[in-house]
Amino acid sequence: MAASSFHDEKIEGGGPDERPEERITRNWNELLQELRVLQTGVQILTGFLLTVPFSPRFTDLADHQQTIYLVVLVGSVITTSLIIAPVSFHRILFRRRQRPWLVKASHGCARAGLAGFAITSALVVLLVFDVVLSFGAGVVAAVCVLVLFVSLWAGLPLMNGKNNSH
């Protein structure tokens, strides 16, 4: 085996000596670290969104802008529930030897939470551009934000995976 591929395998897979229990524990710990990063952004966004209706200008928003705001708020709350769900899973299943299920289910929640955060962020940009410029400008800006998220979060890693596949 070439040195570089062994090194990559060791980083990604934990190496040939890693036992299944160690791998699932490592996967769980890595997933928790990733969720911590996402959680901060989502909590800040959700907290900010909860204050918006109490600002004096909120009543000046057009009906469609208030609808966009409500969709953004619900999206942010759904995203929050997805990224915090693994904590609940862990508490309920603590010491029940369910870590493989916990990692698999939490992985799904993390992926859905990332998608939710990207969509919610794009919708926030839509709303802000709509208020400041126009709905058309908001749509263009929101699409650009989604393209950015998809390119960075999915495209770049997938391109790297194709370049490194043997």
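Conventions we followed
Residues numbered from 1 in each chain as written. Predicted model: local features only at pLDDT ≥ 70, side-chain atom pairs only at ≥ 80, totals over all residues. Heavy atoms only, no water. Helix = DSSP H or I, 4+ residues; strand = E, 2+ residues; numbered from the N terminus. Buried < 20%, exposed > 50% of the residue type's maximum accessible area, 1.4 Å probe, protein only. Contact = heavy atoms within 4.5 Å. Areas by Shrake-Rupley, 256 points an atom, 1.4 Å probe, with all protein chains shown as cover. Phe/Tyr/Trp six-rings, centres within 6.5 Å; stacked < 30°, edge-to-face > 60°. Salt bridge = Lys/Arg side-chain N within 4 Å of Asp/Glu carboxyl O. Core = buried A, V, L, I, M, F, W, Y, C linked by side-chain atoms within 4.5 Å. pLDDT = per-residue confidence, 0-100. Axes fitted to C-alpha atoms, helices over the stretch in contact; angles between N-to-C directions. Parallel < 35°, antiparallel > 145°, perpendicular 65-115°, else oblique. Left-handed = near helix turned anticlockwise from the far one by under 90°. Nonpolar A, V, L, I, M, F, W, Y, C, P; charged D, E, K, R; others polar.

Examining the overall build of the protein
Line of reasoning, step 1. A count of helical and extended segments in the protein gives 5 helices and 0 strands.
Line of reasoning, step 2. Walking the protein from its N terminus toward its C terminus, one meets helices and strands in the order α-α-α-α-α.
Line of reasoning, step 3. The 166 residues of the protein split such that 31% are buried.
Line of reasoning, step 4. When contacts within the protein are restricted to residue pairs at least 6 apart in sequence, long-range pairs at least 24 apart make up 64% of them.
Line of reasoning, step 5. Taken as a whole, the protein presents about 11100 Å² of accessible surface, with 67% of it coming from carbon and sulfur.

What about the side chain of Q65?
Line of reasoning, step 1. Considering the arrangement of structural elements, one finds Q65 in helix α3 (residues 63-93).
Line of reasoning, step 2. For Q65, a relative accessible area of 9% gives the class buried.

Remarks on the packing of aromatic side chains
Line of reasoning, step 1. What the rule picks out here adds up to 5 aromatic pairs.
Line of reasoning, step 2. An aromatic cluster of three or more residues is present, and its members are F117, F149 and W153.

Things to note about the pattern of salt bridges
Line of reasoning, step 1. Under the counting rule described, the total for this entry stands at 3 salt bridges.
Line of reasoning, step 2. Across the pair E21 and R19 runs a salt bridge whose closest N-O atoms are separated by 3.3 Å.
Line of reasoning, step 3. Judged by its relative accessible area of 48%, E21 is partly exposed.
Line of reasoning, step 4. One salt bridge connects E30 with R26, and the closest N-O pair in it is separated by 3.2 Å. In this pair, E30 and R26 both sit in helix α2 (residues 20-51), 4 residues apart, roughly one turn of the helix.
Line of reasoning, step 5. Under the relative-accessibility criterion, E30 is labelled partly exposed at 36%.

What to know about the nonpolar core
Line of reasoning, step 1. Within the largest apolar cluster, 27 residues are counted, with the highest numbers of intra-cluster contacts made by L49 and Y69.
Line of reasoning, step 2. Elements that contribute at least two residues to this core include exactly α2, α3, α4 (99-132) and α5 (135-164).

Considering the confidence of the model for the protein
Line of reasoning, step 1. With 89% of its residues at a pLDDT of at least 70, the protein reaches an overall mean of 85.
Line of reasoning, step 2. Looking over the protein, one finds the lowest element-wise mean pLDDT in helix α1 (residues 3-13), namely 44, and the highest in α4, namely 92.
Line of reasoning, step 3. In the predicted structure, residues 1-11 sits below a pLDDT of 50 and forms 8 contacts with residues beyond four places in sequence or in another chain.

Re the environment of L49
Line of reasoning, step 1. The topology assignment puts L49 in helix α2.
Line of reasoning, step 2. A C-alpha to C-alpha distance of 9.3 Å links L49 and L70, two positions 21 residues apart in sequence.

So, the packing of α3 against α4
Line of reasoning, step 1. Viewed as axis vectors pointing N to C, α3 and α4 meet at an angle of 165 degrees, and their least axial separation amounts to 8 Å. Compared by their axis directions, α3 and α4 come out roughly antiparallel. Two packed elements cross with a definite hand, and for α3 against α4 that hand is left-handed.
Line of reasoning, step 2. Of the residues assigned to the contact of α3 with α4, the class counts are 21 nonpolar, 10 polar and 2 charged.

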